[in-house]
Amino acid sequence: VADAASWADIHGRELRAASVSMLPYHMAGATPVQELACAAATAVEYLRRMIAAGVELEKACHHLEFVVPIGRDLPVGIATLRALRVMWARVVEACGGDGAARVAMLHVVTPPRSLTRRDPWVNMLRATVGAFTAVAGGADVLTVLPFDAALGHPDGFGRRIAANLHAILREECRLGQLADFAGGSYAIERLTQELAEASWAAFQAIEAAGGMAAVLVEGGLHRELAASAR
């Protein structure tokens, strides 16, 4: 990761060296709290290793982006994105960083877990809810899976609908012209606070157990996710 960060600094400053993906945990049945805790712990693991390799904190933060799966639950999805930004800012603050380093780069994807193989056209509606949630939650980048992705390789029609969904939300719904239009909502603010507090406690538990890499090697996280999925 440190080598990738150094290469990106030379060849393209807007490139990100590493992605902190919440998708594997989401696909394993993790709850939003578990996803956020794993994301924070993984990001800290990357930060530690980059800093140990000589990368400055601010540059290390710049080279991380979060890949966040957002499904059909609109309020929880918005609150998840907001809580992740709060947690990341707190992590960077604890590391001694400030300013732009505290701003999380959020790449939202509509996850395969939200797609159905039976009556796949319903997936168009699910993708629309996920995409709207992503924009409302403040996503920087949005990837919409084609509605027929669950059936195998998407065809041209599926890819076209996925691409057009971006254009409709931007040009016809004008969502890009609004800044934090979920802010001030009591329900969203309260849910954000609850998610952030619970996720921070779970993140601290991972750190107390030796960090993300140690928890993955030991297998405790696998057992926890398996229990949640049941």
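Look up: the structure comes first, before these words.
Residues numbered from 1 in each chain as written. Predicted model: local features only at pLDDT ≥ 70, side-chain atom pairs only at ≥ 80, totals over all residues. Heavy atoms only, no water.

Draft legend 1. Local environment of unusual backbone geometry. Although it is not a glycine, Asp119 sits at a positive phi angle of roughly 55°. By the element assignment, Asp119 lies in the loop between strand E3 (106-109) and helix H6 (122-136). By relative accessible area, which is 44% here, Asp119 ends up partly exposed. Phi angles above zero are rare outside glycine, and Arg174 is one such case at about 60°. Its location among the elements puts Arg174 in the loop between helix H7 (156-172) and helix H8 (186-208). (Helix = DSSP H or I, 4+ residues; strand = E, 2+ residues; numbered from the N terminus. Buried < 20%, exposed > 50% of the residue type's maximum accessible area, 1.4 Å probe, protein only.)

Draft legend 2. Just the pattern of salt bridges, in detail. On inspection of all chains with the given rule, the structure shows six salt bridges. Glu189 is the partner of Arg82 in a salt bridge, and the nearest nitrogen-oxygen pair spans 2.8 Å. Taken together, the residues Arg82 in helix H5 (residues 74-95) and Glu189 in helix H8 connect sequence positions 107 residues apart. Of the charged contacts in the structure, one is a salt bridge between Arg190 and Glu194, with a shortest N-O distance of 3.0 Å. Residue Arg190 and its partner Glu194 are located together in helix H8, separated by four residues, close to a single helical turn. For Arg190, a relative accessible area of 41% gives the class partly exposed. Overall, the relative accessible area of 39% leaves Glu194 in the partly exposed class. (Salt bridge = Lys/Arg side-chain N within 4 Å of Asp/Glu carboxyl O.)

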